[in-house]
Amino acid sequence: MRYRWMEIKDGESIKFLCDKNQIALPHPESSILVAEDEGEIEGFAGLVNLTFLEPLISDNPLVAVKLFDLIQGILINQKIKSLYCYCSDDKVELFKKAGFEIFQEKKVLMRKEI
């Protein structure tokens, strides 16, 4: 068994395993480690580093916008393509105005400190 980072040629095998196990394809920004045996992908694990905006607080809307713009600039400079946040129902429209979109309404978020 050989363990290595995914290569473009592994895409079909990854898709097959996802379909077979009825799970979604890995997040587009995932780093994927595959287990290969005699040219066949036996399994894979995805690792994704998501960047969350938490919190963004200011009583002054101009300060909040400037903080958000600065954070966004930092992420662009670091070549990070996505920014995630949790928000309450009453803030959804505000975050939509800033360019966010709902990508999942209900999900269990789990954390393990290592």
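You'll find the structure just up there.
Let me sum up the structure you'll find in this document. Bear in mind that the values here come from a model prediction, so they are computed numbers and not experimental data. (Residues numbered from 1 in each chain as written. Predicted model: local features only at pLDDT ≥ 70, side-chain atom pairs only at ≥ 80, totals over all residues. Heavy atoms only, no water.)

Working definition: an aromatic ring pair is given by the centre-to-centre distance plus the angle between the planes. Under the counting rule described, the total for this entry stands at five aromatic pairs. When the ring of Phe52 is compared with that of Tyr86, the centres are 5.1 Å apart and the planes differ by 15°; the resulting orientation is stacked. Taken together, the residues Phe52 in the loop between strand E3 (40-47) and helix H2 (61-77) and Tyr86 in the loop between H2 and helix H3 (92-97) connect sequence positions 34 residues apart. Phe52 gets classed as partly exposed once you look at its relative accessible area, which sits at 33%. Where Tyr84 meets Phe103, the ring centres are 5.2 Å apart and the plane angle is 75°; that geometry is what we call edge-to-face. On the criterion of sequence distance, the pair formed by Tyr84 in the loop between H2 and H3 and Phe103 in the segment after H3 is long-range, its members being 19 residues apart. On the basis of relative accessibility, which here comes to 59%, the residue Phe103 falls in the exposed class. Through a chain of ring-to-ring contacts, the aromatic side chains of Phe52, Tyr84, Tyr86 and Phe103 assemble into a single cluster. (Phe/Tyr/Trp six-rings, centres within 6.5 Å; stacked < 30°, edge-to-face > 60°. Helix = DSSP H or I, 4+ residues; strand = E, 2+ residues; numbered from the N terminus. Buried < 20%, exposed > 50% of the residue type's maximum accessible area, 1.4 Å probe, protein only.)

This part covers a nonpolar patch on the surface. Taken together, the side chains of Met1, Tyr3, Trp5 and Leu33 define a hydrophobic patch exposed on the protein surface, amounting to about 490 Å² of accessible area. Summarising the element assignment, Tyr3 is placed in strand E1 (residues 2-5). According to the relative accessible area criterion, Tyr3 is exposed, its value standing at 58%. (Patch = residues over 30% accessible without salt bridge, like charges linked within 9 Å, V, L, I, M, F, W, Y side chains within 5 Å. Areas by Shrake-Rupley, 256 points an atom, 1.4 Å probe, with all protein chains shown as cover. Salt bridge = Lys/Arg side-chain N within 4 Å of Asp/Glu carboxyl O.)

This part is about the pattern of salt bridges. Pairs may arise between side chains of opposite charge once their charged atoms sit close together. Summed over all chains, the structure comprises seven salt bridges. For Arg4, the salt bridge identified is with Glu7, shortest N-O distance 4.0 Å. Taking relative accessible area as the criterion, Arg4 reaches 7% and is therefore assigned buried. If you follow the salt bridges from partner to partner, you end up with Arg2, Arg4, Glu7, Lys9, Asp10 and Glu36 in one network.

Here we take up the side chain of Arg4. Position of Arg4 among the secondary structure elements: in strand E1. A distance of 2.7 Å separates a polar atom in the side chain of Arg4 from a polar atom in the side chain of Asp10. Beyond its immediate chain neighbours, meaning those up to four positions away, Arg4 contacts Lys9, Asp10, Ile32, Leu33, Val34, Glu36 and Ile41. (Polar contact = N/O pair within 3.5 Å; in protein donor to acceptor, adjacent residues only side chain to side chain. Contact = heavy atoms within 4.5 Å.)

Its 17 residues give H2 an end-to-end C-alpha distance of 24 Å, which sits within 8% of 24 Å, the value for a rise of 1.5 Å per residue. For H2, the complete set of buried residues consists of Ala64, Phe68 and Leu75. One side of H2 holds all its buried residues, which, seen down the axis, span an arc of 35°. Those residues of H2 that are exposed and angled more than 90 degrees off the buried face are Leu62, Lys66, Ile76 and Asn77. By the N-cap criterion, in which a side-chain oxygen at the helix start approaches the backbone nitrogen of a residue two or three places on, H2 is capped by Asn60, the distance to Leu62 being 2.8 Å. Once H2 ends, the next one or two residues include Lys79, with phi positive near 65°. (Expected span 1.5 Å × (residues − 1). Arc of directions from axis to C-beta.)

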